Amino acid sequence: MELRKKLEVEQEDEDSDKAAIRPPVVTVMGHVDHGKTKLLDQIRNANVVSGEAGGITQHIGAYQINRGDSTLTFLDTPGHAAFTAMRARGANVTDIVVLVVAADDGVMPQTIEAINHAKAAEVPIIVAVNKIDLESADPQRVLAELAERELVPEAWGGDTIVIEISALENIGIDDLLENILLVAELEDLLVSDAGRGQGVVLESHLDIGRGPVATILVQKGTVKVGEPLVAGSSWGRVRALVSDTGDQVDSAGPSSPVQVLGLSDVAVAGDEFIIAPDERTARDVAETREHFQRVASIGRDSSAGLTGGRLEDLFSQISSGEKATLNLILKADVNGSLEAVTESLRKLERDEVNIAFVHSGVGAITENDVQLAATSNATVLGFNVRPDRKAREIADQENVEIRNYEIIYKLLEDIESAMVGMLVPEFEEIVTGEAEVREIYKIPRIGAIAGCYVLNGKITRGSKVRFLREGVIIWKGDVSSLRRFKEDVTEVASGYECGIGLSDFQDLKNGDIIETFDEREIAPT
């Protein structure tokens with residue numbers, strides 16, 4: 001409370017004379033694979049689904065669309081069970097929840113959880129019954145299941161708006177948008193854009209080129225470039241604001257989702273932010289909060305490294321009747337994913353196995369992470385991030401296990417299997433070559449070709465490939481074409497230049513790394 005007074009939060013009174021109608025914030029929620037992201041795909045006429053691992057949304061996406069004279073802000077929350085905290089965060093900052101339910105699947109566990117989040121946040125729910133184009137669709141069964149959860153459709157005499165849609169076939173989308181705007185009118189969303197900006201951090205990550213990047217939702221006032229911003233224990237002068245379309249803007253008003261550059265550290269998703277009266281106040285408040293957090297964390301996971309072990313040691317520890325401790329170093333691409341994986345792993349703890357987090361953070365797996373794993377006898381888990389070449393070399397020397405995942409349920413399945421003594425690794429990835437993108441060539445009717453220099457190993461046509469930007473995986477596919485000068489070749493060795501065409505990826509940039517790999521089966525031991 002003292003810190004809020006220092007930020008002069010309570011002195012910021014809502015000026016009713018300056019209040020104006022702001023765009024509604026609409027959160028799309030529902031069970032995994034029920035078509036939430038595909039629905040937003042149709043609304044935005046963009047393609048988000050194909051960029052998500054396994055077609056599963058891994059972190060909150062925030063977008064604005066214009067419909068006539070109206071603007072709508074959409075938040076897309078993950079449907080997988082592990083992302084409970086992110087769904088709750090989406091519900092708490094929203095005005096309207098669109099609950100997507102697949103007509104062939106009905107009400108599922110995360111559907112019920114989403115309903116509970118929306119009710120707890122006391123926001124209106126519009127139900128979108130998706131996939132009505134499928135032969136197995138049964139909308140009436142869905143309505144009955146919703147009614148059991150106290151969401152009685154208007155057609156049945158209740159007050160819940162239910163719209164039948166097909167996100168794939170673009171059926172019913174206009175009807176859904178009209179109803180969203182209608183509900184928004186009834187909500188009377190008035191707020192002033194005068195005064196210092198306040199809101200919430202939706203997501204954050206570390207970008208090597210740009211530093212800590214936070215996606216924020218402005219809830220009142222206006223955030224401007226150059227102003228001192230404090231979010232939790234992070235602070236900084238706003239260096240740049242980037243809109244959801246990737247354009248740099250000078251300011252952002254109520255209901256605007258923007259990326260903020262210039263913070264001192266990766267902000268915690270869910271933290272409130274405010275524009276501070278001055279830079280000194282922002283720094284003092286952030287440093288005080290950081291001190292409190294550091295004191296609170298002393299002693300947590302203190303057993304790590306003393307008695308704990310690696311994933312591969314678990315079975316022998318459990319078999320001998322010891323109480324085992326699994327030491328982990330966890331790295332993820334964004335803060336929300338880190339939070340979700342951490343909480344999900346903690347839920348896997350059982351009487352005979354504890355989990356100790358030696359270190360967790362946002363960004364690529366580094367040499368320091370591997371060295372820490374070696375000294376603390378820990379396993380390194382990477383979620384949507386990769387180790388660089390030096391980190392891999394040290395891991396081989398120190399016999400440190402690095403496990404990389406892109407879909408959360410696969411990570412949880414592996415760890416849970418190990419904890420019940422059943423883990424049998426089936427495959428391991430062998431990196432066969434690395435090439436750095438030096439030049440981009442646009443070829444008519446073919447697309448982008450990457451002019452590359454092979455750093456080590458060899459690049460082979462047809463091999464599996466992942467595309468890394470600052471250590472973060474942004475695409476996986478195949479090498480579709482490989483050339484030396486004007487000749488097609490089957491492979492190019494280290495130290496040579498070549499032209500690489502990728503199967504369906506065009507967003508190439510200088511400095512990106514193309515990494516090829518094979519999967520080798522490991523015999524059970």
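Scoring rules and cut-offs
- Residues numbered from 1 in each chain as written.
- Predicted model: local features only at pLDDT ≥ 70, side-chain atom pairs only at ≥ 80, totals over all residues.
- Heavy atoms only, no water.
- Pairing = 2+ DSSP bridges.
- Helix = DSSP H or I, 4+ residues; strand = E, 2+ residues; numbered from the N terminus.
- Axes fitted to C-alpha atoms, helices over the stretch in contact; angles between N-to-C directions.
- Contact = heavy atoms within 4.5 Å.
- Polar contact = N/O pair within 3.5 Å; in protein donor to acceptor, adjacent residues only side chain to side chain.
- Salt bridge = Lys/Arg side-chain N within 4 Å of Asp/Glu carboxyl O.
- Buried < 20%, exposed > 50% of the residue type's maximum accessible area, 1.4 Å probe, protein only.
- Parallel < 35°, antiparallel > 145°, perpendicular 65-115°, else oblique.
- Left-handed = near helix turned anticlockwise from the far one by under 90°.
- Nonpolar A, V, L, I, M, F, W, Y, C, P; charged D, E, K, R; others polar.
- Arc of directions from axis to C-beta.
- Patch = residues over 30% accessible without salt bridge, like charges linked within 9 Å, V, L, I, M, F, W, Y side chains within 5 Å.
- Areas by Shrake-Rupley, 256 points an atom, 1.4 Å probe, with all protein chains shown as cover.
- Disulfide = S-S within 2.5 Å.
- Core = buried A, V, L, I, M, F, W, Y, C linked by side-chain atoms within 4.5 Å.
- Phe/Tyr/Trp six-rings, centres within 6.5 Å; stacked < 30°, edge-to-face > 60°.
- Lys NZ or Arg CZ within 6 Å of the ring centre and 35° of its normal.
- Right-handed = clockwise from strand over helix to strand, strands pointing away.
- Expected span 1.5 Å × (residues − 1).

Pairing between the strands of a sheet comes from backbone hydrogen bonds, and it takes one of two forms, parallel or antiparallel. Here we have 6 strands laid out as an open sheet, ordered E3-E4-E2-E5-E6-E7, and mixed in their pairing. Strand pairing shows two members of the sheet lacking a second neighbour, strand E3 (61-67) and strand E7 (161-164), which therefore form its edges. Strand-to-strand twist across the sheet, computed as the mean angle between neighbouring axes with direction ignored, equals 25°. Relative to strand E5 (residues 96-102), strand E2 (residues 25-30) runs parallel, the two sharing 5 bridges. In the strand pairing of E5, Thr27 is matched with Val97. Each of E2, E5 and strand E6 (125-130) is contacted by helix H4 (residues 109-120), which is oriented at about 165° to E5, the strand it contacts most.

Tracing the sequence through the fold places Arg22 in the loop between strand E1 (19-21) and E2. Within the local environment of Arg22, its side chain forms a polar contact with the side chain of Asp95, the two groups lying 2.7 Å apart. Non-local contacts of Arg22, meaning those with residues more than four positions away in its chain, are made with Asp95, Leu189, Val191, Pro254 and Ser255.

This structure, assessed with the given rule, holds 21 salt bridges. With a shortest N-O distance of 3.4 Å, Arg438 and Glu436 are connected by a salt bridge. Of the residues examined, Glu436 reaches a relative accessible area of 23% and is grouped as partly exposed. One network of salt bridges, with partners in common, ties together Arg386, Arg389, Arg392, Glu393, Glu434, Arg466 and Glu515.

Our next topic: the packing of helix H9 (residues 335-347) against helix H12 (residues 408-419). One can describe the packing of H9 onto H12 by two numbers: an axis separation of 11 Å at closest approach and a directional angle of 30°. Relative to H12, H9 is oriented roughly parallel. The hand of the H9/H12 crossing is right-handed. Judged by residue contacts, Ala340, Val341, Ser344 and Leu345 of H9 engage Ile408, Leu411, Leu412 and Ile415 from H12. A breakdown of the residues in the contact of H9 with H12 according to their chemical character gives 7 nonpolar, 1 polar and no charged.

Right, let's get into helix H10 (residues 367-376). For H10, every residue scored as buried is listed here: Asp369, Val370, Ala373 and Ser376. Down the axis of H10, the buried side of the element spans an arc of 140°, and every buried residue falls inside it. Along H10, exposed side chains directed more than 90 degrees from the buried face belong to Asn368 and Thr375. In this fold, the buried residues of H10 make contact with strand E19 (324-332), strand E20 (353-362), strand E21 (379-383), helix H11 (389-398) and strand E22 (402-405). Of the residues flanking the end of H10, it is Asn377, one or two places downstream, whose phi is positive at about 60°.

A cluster of nonpolar side chains, Tyr441, Ile443 and Ile446, forms an exposed patch at the surface whose accessible area comes to about 300 Å². If you trace the backbone, Ile443 turns up in strand E23 (residues 427-443).

What follows covers the sheet that holds E22. Within the open sheet, the 4 strands sit side by side as E20-E19-E21-E22. Their pairing is parallel. Of all the strands in the sheet, the pair left with one neighbour each is E20 and E22. The sheet shows a mean angle of 25° between the axes of neighbouring strands, taken without regard to direction. As paired elements, E19 and E20 share 9 bridges and run parallel to each other.

Looking now at the state of the cysteines. Counting across every chain of the model gives 0 disulfides. For the unlinked cysteine Cys452, the closest cysteine sulfur is that of Cys498, found at 5.4 Å. According to the relative accessible area criterion, Cys452 is buried, its value standing at 3%.

This brings us to the side chain of Glu515. As for its placement among the helices and strands, Glu515 is situated in strand E30 (residues 513-521). Engagement of the side chain of Glu515 in a polar contact is seen with the side chain of Arg386, the distance being 3.1 Å. At 2.5 Å, the side chain of Glu515 and the side chain of Arg466 are in polar contact. Glu515 has contacts with Arg386, Arg392, Val431, Gly433, Glu434, Lys464, Val465, Arg466 and Leu468, leaving out every residue within four places of it along the chain.

Residues Leu39, Phe74 and Ile180 are the most contacted members of the largest nonpolar core, which totals 26 residues. For this core, the elements supplying multiple residues, two or more each, are E2, helix H2 (36-44), E3, strand E4 (70-76), E5, E6, E7 and helix H6 (173-187). Considering each element in turn, this core owes the most residues, 7 residues, to H6. Apart from the residues within four sequence positions on either side, Leu39 is in contact with Val28, Val98, Val100, Ile165, Ala167, Ile173 and Leu176.

A word on the packing of aromatic side chains. In this structure the tally under the stated criterion is 0 aromatic pairs. Over the ring of Phe517 we find Arg466, and its NZ or CZ is 4.0 Å from the ring centre.

Because side chains alternate across E7, one face comprises the buried residues Ile161 and Ile163, and the other comprises Val162 and Glu164, none of which is buried. Sheet topology places E6 next to E7; 4 bridges connect them, and they run parallel. For Val129, the partnering residue across the bridge sits in E7 and is Glu164. Regarding topology, helix H5 (residues 139-148) serves as the crossover connection from E6 to the parallel E7, and that connection is right-handed.

As a further point, take H12. Here H12 spans 17 Å end to end across 12 residues, near enough to the 16 Å set by a 1.5 Å rise per residue. Every buried residue of H12 is listed here: Ile408, Leu411, Leu412, Ile415, Ala418 and Met419. Buried residues of H12, viewed axially, fall in a sector of 130°; they line one side.

Bringing unusual backbone geometry into the picture now. Its identity as a non-glycine residue notwithstanding, Asn399 has a phi of 60°, on the positive side. On the secondary structure map, Asn399 appears in the loop between H11 and E22. Of note, Glu470 is a non-glycine position whose phi angle comes to about 55°, a positive value. Tracing the chain through its elements places Glu470 in the loop between strand E25 (464-469) and strand E26 (472-484). Under the relative-accessibility criterion, Glu470 is labelled partly exposed at 35%.

In short, the description is geometric, and any link to function would need to be established separately.
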